[in-house]
Amino acid sequence: MSTDSKYDAIVVGGGHNGLVAATYLAKAGKSVVLLESASELGGATTSVRPFPEYDARLSRYSYLVSLLPDQIVADLGINFKTLERSIASYTPYKKSGKDGGLLISQNWDARTAESFRELTGGDEEGKKWQEFYNEIAVLAERIAPYMLQPLKSAAKFMMERPIGEVIQDRFQDDLVRGVVLTDALIGTFSSAQDLQANRCFLYHLIGNGTGQWRVPQGGMGAFVTELNRVAVLNGVEINLNSHVTDIDSSSNGVAVTTATGDKYVATDLLFAGAPQTLAKLRDKIAPASLDGSQMKINMLLSKLPRLKSGVDPKLAFAGTFHVNETYSQLEKAYQVAKLGDIPSDLPLEMYCHTLTDPTILSPELSQRGFHTLTLFGLHTPAALFDADPSGAKEAAKAAAISSLNQYLEEPIESVLAVCRDGSLAIEAKSPIDLDNDLGLPRGNIFHRDLDFPFIDGTESAPIKWGSETDDAHIYLAGAGARRGGGVSGIAGHNAAMAVLAKD
Ligand SMILES: Cc1cc2nc3c(=O)[nH]c(=O)nc-3n(C[C@H](O)[C@H](O)[C@H](O)COP(=O)(O)OP(=O)(O)OC[C@H]3O[C@@H](n4cnc5c(N)ncnc54)[C@H](O)[C@@H]3O)c2cc1C
C-alpha cells in the first residue's frame, strides 16, 4: 500500500467490473491500485456457503450469465466457462381444472411445439413465438458487437413502442405474453407500457448476440476467482477493507482517502461502484433512479419436489421456472406494489443450478440427490420494505413460497435441507438487504436505471464510451455506466478503453 507514489489509475470497487477495468489497464502497462470496501472481492458476483454445515457454494446474488462478451474472456485470458441449459423455461398452469405446463426447449423442437399446442389449442402462437425470437436474434446479432466499441447513435437500433404493446399485438395467450414480458421486468419496477421495460428487455436478449442465459460453471464465485487471478498476474495492487470516503480532483489528477485514513493519488479514477455513491463522494447531485424491485431467495434442497402437472422436476427446474407471470398477473402485481402492498400472487422465476452444473456441491451432497434452487421475485420495490424491513421480508418470502407451492405436489418446505439448529436451508435478500450488504442504491441490481445502449439525444454532455463524467479524470466503470448493468464486464472494459484512448 502506498500513500506517496502516484499510480496511473485508481479503481474503486472490486466487483467484477472493477476487476475487468483494472486488468485491462494493467495489461496495457498502467500502474493500477484497486480499492474495495469489503473484505472480499466480487460485489454482486459472489458465491458463498450460506448454510455452513452443507458444502454447497451458492451464487448468492447474480446467478446466470448472458451479457459477458466472449471477447472479454479471451482478452483477459480467464479460465471461466458458462454452460448451456437444455431447457429455456417451464411455466406451470391450471386449465379447466387440470395441471399443465408450457415447456420450452432451448432450441425449438417437437416437444416445444406440442407444449404450445396443449396450452393454446393450435400451432399459431408457437409460430408467432418463433417469428418473434428470430427477429430478436437478428437485432441481438447487430447490437452485440457494438457493446465494446464507442457508442453508436440511436437511429440504428430504434425501439420506440412500449414492449407491452408489441407483445399484446404479437401474441394472444396471456401466459405466452407473460413469459415474453418477464425479460423486460427483471429487477425493474415498471409497467409493460413504460419504455424502461424496453431497456431491460433489450439487455436480456442481446448477450453475445444470442441472448442465451447460461450457467456459470462453478458458480459466480468462479468468475471472480479467475478475475482476481489475472488482475494480480498483471500487476494490479488489490487492497481490501479500503472503503473510499473522499475523492478530490484537480487538473493534475485525483486523490482519494479511505475510511482508515490511507491516501492514494493517480492520474485517473475509475469508479466501479454506483454512480449515486460517486455523486455523494463528490458532493454532486445523484442521478435519479427507480428503486430495486426484487427478492432473491436461495435454497438448498434434499431432493427436487414433485410437481402437480406430473412433469419430471429435472426438466421443469432445469430452465427458468415461471410462477404467476402471465401478462395480466404481472401488470396486476405491478399495480398492487405501486399502491404499497406486497403482491400475494408474487411473480417469480426460479432455476436449479445443480441440474446443469453439480460442481457447486460436494460429491457427497450430489450423490445424496441434493440440489440448489434460486428464486427471483419480481415487483417488490424497496419502498415496500422501508417501514418494517424484516417483517416485510418475511411477508414477501411467505408470498413467494405459497405462490410456488400452488404447483408442487410436495410443498417446498418439505424438501428443504434442514440445518443443524433445525432451521430450513433458505435465505432471503430484500432490496434493502442488497443496499446494506452490497451498496446497491435502494437495492437496484443495475446500480441505476438501465439506459439504451446507444446515444439517444438525452445526454447532457458528449459521451463516447458511456463512462465519461463531468471530470476529465473520473470515469464510471461499474454497472451504472451506459451499457453497464448485469454481469458483463462491459462497463469495466469501456472505462479502461476511455482512459487508454487518451494516450
Ligand atoms: C440478487 C441479484 C441477482 C442478479 N442476477 C443477475 C444475473 O443472474 N445475471 C446478471 O447478468 N446480472 C444479475 N444481477 C446484476 C449484476 O449482478 C450486477 O449488475 C453486477 O454484478 C454489477 O457489477 P459491478 O462490478 O458493476 O458492481 P458491484 O458488483 O455492485 O460491485 C461494486 C463494488 O464496489 C464496492 N464499493 C462501492 N463503493 C465503494 C467505496 N466507496 N469504496 C470502495 N469500494 C466500494 C462494493 O463493495 C462492491 O464490491 C443480479 C444482481 C443481484 C443483486
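Residues numbered from 1 in each chain as written. Predicted model: local features only at pLDDT ≥ 70, side-chain atom pairs only at ≥ 80, totals over all residues. Heavy atoms only, no water.

Mapped onto the elements of the fold, His-379 is located in the loop between β16 (371-377) and α14 (389-405). Other than its neighbours up to four places away in sequence, His-379 contacts Leu-185, Thr-188, Phe-189, Ser-190, Ser-293, Leu-330, Ala-333, Tyr-334, Ala-337, Pro-343, Pro-347 and Leu-384. (Helix = DSSP H or I, 4+ residues; strand = E, 2+ residues; numbered from the N terminus. Contact = heavy atoms within 4.5 Å.)

Considering all chains together, one arrives at 25 salt bridges under this definition. Between Glu-124 and Lys-127 there is a salt bridge, and its shortest N-O distance comes to 3.8 Å. Taken together, the positions of Glu-124 and Lys-127, both in helix α4 (residues 124-143) and three residues apart, correspond to about one turn of that helix. Note on Glu-124: relative accessible area 46%, which makes it partly exposed. Connected via shared salt-bridge partners are Arg-282, Lys-284, Asp-470 and Asp-471. (Salt bridge = Lys/Arg side-chain N within 4 Å of Asp/Glu carboxyl O. Buried < 20%, exposed > 50% of the residue type's maximum accessible area, 1.4 Å probe, protein only.)

This part takes up the layout of surface pockets. Space inside the second largest pocket adds up to approximately 710 Å³. Ser-460, Glu-468, Thr-469, Asp-470 and Leu-476 are, among the 23 residues lining the second largest pocket, the residues nearest its centre. Looking at the lining of the second largest pocket element by element, the count peaks at three residues for helix α9 (residues 275-281). Of the residues that constitute the lining of the second largest pocket, the class distribution is 10 nonpolar, five polar and eight charged. (1 Å grid on protein atoms, 1.4 Å probe; cavity = no way out; pocket = protein on both sides within 12 Å on 5 of 7 lines; lining within 4 Å. Points joined across faces, edges and corners; volume = space filled by probe spheres on them. Nonpolar A, V, L, I, M, F, W, Y, C, P; charged D, E, K, R; others polar.)

The N-to-C vectors of α4 and helix α7 (residues 195-205) enclose an angle of 80°; their axes lie 9 Å apart at closest approach. Comparing their axes, α7 and α4 come out roughly perpendicular. Residues Phe-132, Tyr-133, Ile-136, Leu-139, Ala-140 and Ile-143 of α4 form the contact with α7, whose participating residues are Phe-201, Leu-202 and Leu-205. The residue makeup of the contact of α4 with α7, split by class, is nine nonpolar, no polar and no charged. (Axes fitted to C-alpha atoms, helices over the stretch in contact; angles between N-to-C directions. Parallel < 35°, antiparallel > 145°, perpendicular 65-115°, else oblique.)

What follows is about the site of the ligand. Taken together, 32 residues lie near the ligand, and Glu-36, Leu-64, Ile-445, Ala-479 and Val-487 sit nearest. At 2.8 Å, a side-chain N or O of Asn-17 approaches an oxygen atom of the ligand. Take Gly-486: an N or O atom from its main chain is 3.0 Å from an oxygen atom of the ligand. A total of 1000 Å² of accessible area belongs to the ligand in isolation, and the protein chains cover 95% of it. A per-class count over the shell around the ligand returns 15 nonpolar, 15 polar and two charged. (Near = heavy atom within 4 Å. Polar contact = N/O pair within 3.5 Å; in protein donor to acceptor, adjacent residues only side chain to side chain. Areas by Shrake-Rupley, 256 points an atom, 1.4 Å probe, with all protein chains shown as cover.)

What the rule picks out here adds up to three cavities of 30 Å³ or more. Its boundaries defined by the atoms lining it, the largest cavity holds a volume of some 60 Å³. Lining of the largest cavity is provided by Gly-187, Thr-188, Gln-196, Leu-290, Asp-291, Asn-444, Phe-446, Arg-448, Asp-449 and Leu-450. A class-by-class count of the residues in the lining of the largest cavity yields three nonpolar, four polar and three charged.

Moving on, we get to the sheet that holds strand β17 (residues 426-429). Strand order in the open sheet formed by seven strands is β7-β6-β14-β15-β16-β13-β17, with mixed pairing between adjacent strands. What marks the edges here is a single partner per strand, and that holds for β7 (98-105) and β17. Sheet twist, expressed as the mean angle between neighbouring strand axes with direction ignored, is 20°. Bridge analysis of strand β14 (residues 320-323) against strand β15 (residues 348-351) gives three bridges, and the strand direction is antiparallel. Along β15, the bridge assignment pairs His-322 with Glu-349. Helix α3 (residues 110-120) rests against β6 (87-95) and β7 of the sheet, and its axis sits at about 145° to β7. (Pairing = 2+ DSSP bridges.)

Interpretation note: all reported values are geometric properties and have no functional meaning in isolation.
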